[in-house]
Amino acid sequence: MAASQNSSGTSSDRTLVVGHWPHLRSRDSTAKIMWSVVAALLPAAAASGYFFGWRAYLHIGLAVATALVTEAVIQGLRKKPVTVGDGSAVVTGVLVAFCLPAQARWFVPVVAAFVAIAIAKQCFGGLGCNIWNPALIGRAFVHVSFPTDMNPSTYPILAGNHFVGNVGTVGHLPEGIQAVTSASPMAMLKQIAGQQWTLEHIRTVLDQDLPSLWNMFVGRIGGDIGETSALLLAAGAIYLIVKGWVRWQIPVSYLTTVAVGALVLPLHVVAGGEVQAVAGWHPILTAAPDLAARYAAYHLLGGGLVLGALYMATDMVTSPLTNRGMLIFGFGCGALTILIRLYGGYPEAVCYSILLMNTVTPLVDRWTQPRIFGHPR
């Protein structure tokens, strides 16, 4: 605050109050944005019960309730205003549950939501101060704490009186059977990247072992509660992008990088049968051009990539502020994801890729800071 002085040296009544920029204000409040995100996630949340049974709803309810109670208690202990009504804790709870298998034990979503709110969010000062995405920190914690719950060998798929079998076809359940189990598509893709296979074997996996791309798109596949239906996740995200609350740069650069990486990064192909000359490390784009598009599509639709690219990586607090920074951030997330998927020891990498890029977000913002008008860069 600056004040003008009269000839006697005392301050006059006229004062100039200078506040922090920016001075532009939006009509969109935090609560409005957060509850809109919850609404955008509702279609995928509703479908999770159809695909995975009532336990999907149980996990979502437990995670949301734990997030709300934890935030209210910690804010009360810190003697801060209780802000559970702004919807941010609900968003975290839903996203935590979306990252869990339906057959995980009941306390797994409770622990994940508690860690997300208490450690990843409130320990850093609350909403707007956290370094990492809270839901992903909660997911990462339970992933290493309860590996058998988080890495099941098979996933039960409940879908009315139909099911998706291991060969990717849809049929009627035999009498007396209420569910089927199958490995997740990412586990099958990991076998292609992690072993020395002939092109015939790769073709067999894509044609017979994996579900159809349509089933991958609508969500009739094994996986975590909220990550399977790209269709419903995209439907909600389009609304958020149109409203301007999610910027297109991160999802587009993230998904594009994963797709390009799947096409051009080499796989270890051995000679045999169909093409004797193809052996060694080759990108699928050159080794089997007819399989390349489908292979990249499976990487895009499999695992938590769509959920992560649309709802996790785009978190306003933990992602860059500038357009160039968002493109760099999305590229980094995509590069880490496809590198870990193809050459790491873990079939999925969205969670850790985003968390690693969250860590360097301040540096990206510094590197891409726009030039102030009238000043050098």
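Above this note sits the structure.
Residues numbered from 1 in each chain as written. Predicted model: local features only at pLDDT ≥ 70, side-chain atom pairs only at ≥ 80, totals over all residues. Heavy atoms only, no water.

## Observations regarding the packing of aromatic side chains
Then, in step 1: Going through the model one piece at a time under the given rule, you end up with seven aromatic pairs.
Then, in step 2: Taken together, a centroid distance of 5.9 Å and an interplanar angle of 85 degrees make the contact between W106 and F107 edge-to-face.
Then, in step 3: For W106, a relative accessible area of 54% corresponds to the exposed category.
Then, in step 4: Both rings, one in W214 and one in F217, keep their centres 5.9 Å apart while their planes meet at 45 degrees; by these two values the pair is tilted. Placement of both W214 and F217 in helix α9 (residues 213-218) is noted, with a separation of three residues, approximately one turn of the helix. (Phe/Tyr/Trp six-rings, centres within 6.5 Å; stacked < 30°, edge-to-face > 60°. Buried < 20%, exposed > 50% of the residue type's maximum accessible area, 1.4 Å probe, protein only. Helix = DSSP H or I, 4+ residues; strand = E, 2+ residues; numbered from the N terminus.)

## Details of empty space enclosed by the protein
Then, in step 1: One pass over the full model with this rule turns up three cavities of 30 Å³ or more.
Then, in step 2: Taken as a whole, the largest cavity encloses approximately 110 Å³ of empty space.
Then, in step 3: Along its surface, the largest cavity is lined by C99, L136, R139, D224, E227, G304, L307, G308, M312, E348, V350 and C351.
Then, in step 4: For the lining of the largest cavity, the secondary structure elements donating two or more residues are α5 (134-145), α14 (305-312) and α16 (350-359).
Then, in step 5: Ranked by residues supplied to the lining of the largest cavity, first place goes to α14 with three residues.
Then, in step 6: Each residue belonging to the lining of the largest cavity can be placed in one class, and the counts come to six nonpolar, two polar and four charged.
Then, in step 7: Two domains each put at least three residues into the lining of the largest cavity: domain 1 (28-181) and domain 2 (184-369). (1 Å grid on protein atoms, 1.4 Å probe; cavity = no way out; pocket = protein on both sides within 12 Å on 5 of 7 lines; lining within 4 Å. Points joined across faces, edges and corners; volume = space filled by probe spheres on them. Nonpolar A, V, L, I, M, F, W, Y, C, P; charged D, E, K, R; others polar. Domains from an automatic or database assignment.)

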